[in-house]
Amino acid sequence: AAPAEGAKLADLGLTVGPAEDGSGLVVTGVEDGSKAADNGIAVGDRILSVNAAEVSDPKTAEKAVAEAEKSGRKAVLLQVGRGDQSRFVALPLG
């Protein structure tokens, strides 16, 4: 069996893609009943940063989530933008 790669955005219930303007990631899917859905993240929202690191492509975001899990964090902090507002959302890991 292949070794586990650590936590992924999909584990939090998120599917994302790059934003057209290069600023953050656009949420393209939210799994019903997931940690992301429970915290009010919706399709069309932008993920601007993961654990205070700006993200502009899914690989960078995945790496930040995996590093958070490896370092023993209990949650990952996402900066989520909607319209001209942004807020911070802590999603539990594991």
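See above for the structure.
In this text, all values refer to a predicted model and were calculated from it rather than measured experimentally.

**Student:** Before we go on, may I ask you to explain the pattern of salt bridges in this structure?
**Tutor:** Any two side chains of opposite charge can pair if their charged atoms end up close together. Under the counting rule described, the total for this entry stands at two salt bridges. Arg-46 serves as the salt-bridge partner of Asp-21, at 2.9 Å between the closest nitrogen and oxygen. Taken together, the positions of Asp-21 in the loop between β1 (14-18) and β2 (25-30) and Arg-46 in strand β3 (residues 46-50) put the pair 25 residues apart, joining distant regions of the chain. When its relative accessible area of 55% is taken as the criterion, Asp-21 is described as exposed. Residue classification places Arg-46 among the partly exposed residues on the basis of a relative accessible area of 26%.

**Student:** Help me understand the environment of Val-80 in this model?
**Tutor:** Within the secondary structure, Val-80 sits in strand β5 (residues 75-82). Residue classification places Val-80 among the buried positions, given a relative accessible area of 2%. As a C-alpha pair, Val-80 and Leu-25 span 55 residues in sequence and 9.4 Å in three-dimensional space.

What counts and what doesn't
Residues numbered from 1 in each chain as written. Predicted model: local features only at pLDDT ≥ 70, side-chain atom pairs only at ≥ 80, totals over all residues. Heavy atoms only, no water. Salt bridge = Lys/Arg side-chain N within 4 Å of Asp/Glu carboxyl O. Helix = DSSP H or I, 4+ residues; strand = E, 2+ residues; numbered from the N terminus. Buried < 20%, exposed > 50% of the residue type's maximum accessible area, 1.4 Å probe, protein only.

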